[in-house]
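A structural walkthrough
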Amino acid sequence: MSLKERIDLDRHRVFMQTDHFADTHKWNGKSFTCVVDEDAALKRKNNNVNDISWDNNTIETMIYVPVEDWPGRYPVPNDHGFFDGVHMKILQVQNDMGMLGIVLSTSSPKAVAAE
């Protein structure tokens, strides 16, 4: 068995198992299994530093899902949808050997404190 075939099998056998890394989420009301990585999105947003002191009023979420498990048409940047009921915009899509890495973003308005 080639390395490519082994990686393809491991996507579902190991990485996408709900008792290991993955959870069930919804995109536009359709359930699918994916891995959510908040730290990767935070580091990407803050220039590879895990620091929340800089904030541009957005929340970013990184998800990993096999290409064939993504609900709907192939995702592209600037597509909009609802991830677990929250309106999100797709910022980036990366396909690594059949595994999509998708960065989702939503605005997060901050309250203004009265003095």
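Below is a short write-up of the structure. Residue numbers here run from 1 along each chain, matching the order of that chain's written sequence. A pLDDT threshold of at least 70 governs which residues receive local features in this predicted model, and a stricter bar of 80 or more applies before side-chain atom pairs are shown or counted, although totals over entire chains, interfaces and linings include all residues. Side-chain numbers here rest on the full set of heavy atoms in the structure, without hydrogens or water.

1. Overview of the nonpolar core
Keep this limit in mind: Residues grouped as a nonpolar core are buried Ala, Val, Leu, Ile, Met, Phe, Trp, Tyr and Cys residues, joined through side-chain atoms within 4.5 Å. Residue exposure (1.4 Å probe, protein chains only): buried if accessible area is under 20% of the type maximum, exposed if over 50%, otherwise partly exposed. Numbering of helices and strands runs from the N terminus, with a helix taken as a DSSP run of H or I at least four residues long and a strand as a DSSP run of E at least two residues long. Throughout, a residue-residue contact means that at least one pair of heavy atoms, one from each residue, lies within 4.5 Å.
By size, the foremost hydrophobic cluster in this structure holds 12 residues: Trp-27, Phe-32, Cys-34, Ile-63, Val-65, Trp-70, Phe-83, Met-88, Ile-90, Leu-100, Ile-102 and Leu-104. Those elements that provide at least two residues to this core are β2 (30-37), β3 (58-66), β5 (86-96) and β6 (99-107). By residue number, the principal contributor to this core is β6, which donates 3 residues. Apart from residues lying up to four places away in sequence, Ile-102 is in contact with Thr-61, Met-62, Ile-63, Val-65, Trp-70, Pro-75, Ile-90, Gln-92 and Val-93.

2. Examining the pattern of salt bridges
Our working rule: Every case where a carboxyl oxygen of Asp or Glu lies within 4 Å of a side-chain nitrogen of Lys or Arg is listed as a salt bridge.
Counted under the stated rule, the structure contains 1 salt bridge. A salt bridge links Arg-73 to Asp-79, with the shortest nitrogen-to-oxygen separation between them at 2.8 Å. Owing to a relative accessible area of 56%, Arg-73 belongs among the exposed residues under this scheme.

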